[in-house]
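# Observations on chain architecture
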There are 2 protein chains.
Amino acid sequence: MIQKLKYNADGLIPAIVQDASTRRVLMMAWMNESSIASTLKSGLMHYWSRSRQKYWLKGETSGHTQRVLRWSIDCDADTLLFEVEQVGGACHTGYQSCFFQAFSPDGTPLPIDEQKVFDPKETYSA
Amino acid sequence: MIQKLKYNADGLIPAIVQDASTRRVLMMAWMNESSIASTLKSGLMHYWSRSRQKYWLKGETSGHTQRVLRWSIDCDADTLLFEVEQVGGACHTGYQSCFFQAFSPDGTPLPIDEQKVFDPKETYSA
C-alpha cells in the first residue's frame, strides 16, 4: 500500500501528527517510503529530515517518542495523518506542540497561554 | 508577518485544517502569500490549487466554506494550522474529512465507520 502513495518529486510525503487523546495537532514532518516502513514495523514515528538529509526516529535523542495508535491517508493519497501517544513534548523548543504561536482570524498574535513541558537545554545537552 | 513565513521553492506553504469543535483534522492544502492575505481579510479559507494553478475559495462551488476561528504557525514558520468552522463536509468525496481511510499501526486498513455528509454528484453538478 505504501508504494501507492503520492510522493513529491523528492520522494517525500507530508505527515501530520495529532495527539490521540487531546486531539491537539503536534507537528508536521516529512516521510519517505523507508521511514513509513520503519514506522509501521516499529510502531514509532520515523521521519526523513530534509535539512539533515537523514532518517530520524522521533525521540532518539530526547526520549520524546511518538507511538502510533492509528493513521490515515487523505482522499488524494498525498498526505498522511498519524494519531499518536506523545511522550514529553513534540516540539524541540520544549512546548507540547510545534503550533504554540496562535493568531486571531485577522492575524493578531495571541499570547502564548501554556508552559513548556520540558527544558530543551537539559534534554538536548547530552 | 505573512511575509516572514518560510514558503517552498514554488512560494507555497502547507496548511493543516482542523474542525475547531470536534478537533478532527479535515484536510491539508497549500497556500501562497496572496491566498493567506485573502483568508485573513475575509475570514474564509482560500488556497492555491497546484493542479489547477489558481486561487480557490473553499466552498465557492459547494457552499462548504471554512470560517477561521484561530490559526497558528509552527516553530519553523513553514507550516500553518487553521482551526475552522466547517460548513458541510471538507472532502470532495462527500466525507466530513479527507482522512476517512484509516489503518491500524501495522498498516491494516480499517473499515470506514462513517457516512458521507453530502452527495458529491448533487453538490458539484451545477
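Before going into details, it helps to say that this report is about the structure given with it. Please read these numbers as outputs of a predicted model, since none were measured by experiment. (Residues numbered from 1 in each chain as written. Chains lettered and ligands numbered in written order. Predicted model: local features only at pLDDT ≥ 70, side-chain atom pairs only at ≥ 80, totals over all residues.)

Moving on, we get to the overall build of chain A. When you go through chain A residue by residue, the secondary structure sums to two helices and seven strands. Beginning at the N terminus, the succession of helices and strands in chain A can be written as β-β-α-β-β-β-β-β-α. Relative to the compact-globule value of 14 Å for 126 residues, chain A shows a C-alpha radius of gyration of 15 Å, a close match. Expressed along its principal axes, the backbone C-alpha trace of chain A runs to roughly 40 × 40 × 30 Å. Residues classed as buried in chain A amount to 33% of the 126 residues present. Partitioning the contacts of chain A with sequence separation of at least 6, the portion at a separation of at least 24 is 41%. (Helix = DSSP H or I, 4+ residues; strand = E, 2+ residues; numbered from the N terminus. Rg over C-alpha atoms; globule rule 2.2 N^0.38 Å. Buried ≥ 20, exposed ≤ 12 C-beta atoms within 10 Å, placed from the backbone. Contact = placed C-beta atoms within 7 Å.)

Time to look at the interface of chain A and chain B. Frequently, the measure chosen for interface size is the accessible area removed from exposure when the parts meet. In this complex, chain A contributes 32 residues to the contact, which on the side of chain B involves 32 residues. At the level of elements, β1 (13-19), β2 (25-31), β5 (66-73) and β7 (101-103) of chain A are the ones that each hand at least two residues to the side of chain A that touches chain B. Ranked by the residues each element gives to the side of chain A that touches chain B, the list is headed by β5(A), at six residues. For the side of chain A that touches chain B, the class distribution of residues is 19 nonpolar, nine polar and four charged. Relative to strand β7 (residues 101-103) of chain B, β5(A) runs antiparallel, the two sharing three bridges. Its bridge partner lying in β7(B), Trp71(A) is registered against Phe103(B). (Nonpolar A, V, L, I, M, F, W, Y, C, P; charged D, E, K, R; others polar. Pairing = 2+ DSSP bridges.)

Here we take up the relation of the copies chain A and chain B. Both copies of the chain are placed relative to one another by a rotation about an axis and a shift along it. Structural alignment of chain A on chain B gives an RMSD of 0.0 Å, achieved by rotating through 180° and translating 0.0 Å along the axis. Here the transformation between the copies is reduced to the relation of a two-fold axis. Residues of chain A ranked by C-alpha distance from the rotation axis are headed by Arg23(A), positioned 2.9 Å from it. Comparing interface residues between copies, 100% of those in chain A also lie at the interface in chain B; the contact surface is shared. (Least-squares fit on C-alpha atoms with pLDDT ≥ 70 in both.)

A regular strand carries its side chains on alternate faces of the sheet. Residues and elements named next belong to chain B. Along strand β1 (residues 13-19), five of the seven residues are buried, which leaves the element largely enclosed by surrounding structure. Direction of pairing for β1 relative to strand β2 (residues 25-31): antiparallel, over a ladder of six bridges. For Ile-13, the partnering residue across the bridge sits in β2 and is Met-31. As paired strands, β1 and strand β6 (residues 80-86) are joined by five bridges and run parallel to one another. Across the sheet, the residue bridging to Asp-19 is Val-84, located in β6.

Attention now goes to the sheet that holds β2(A). In space, the five strands of this open sheet follow the order β2(A)-β1(A)-β6(A)-β5(A)-β7(B), with mixed pairing throughout. Either end of the sheet is taken by a strand with one partner, and the two such strands are β2 of chain A together with β7 of chain B. Between one strand and the next, the sheet's axes are offset by a mean angle of 30°, whatever the strand orientation. (Axes fitted to C-alpha atoms, helices over the stretch in contact; angles between N-to-C directions.)

Read from one edge of the open sheet, five strands run β7(A)-β5(B)-β6(B)-β1(B)-β2(B), paired in mixed fashion. Two strands bound the open sheet, and with one partner strand each, they are β7 of chain A together with β2 of chain B. This sheet shows a mean twist of 30° between the axes of neighbouring strands, independent of strand direction.

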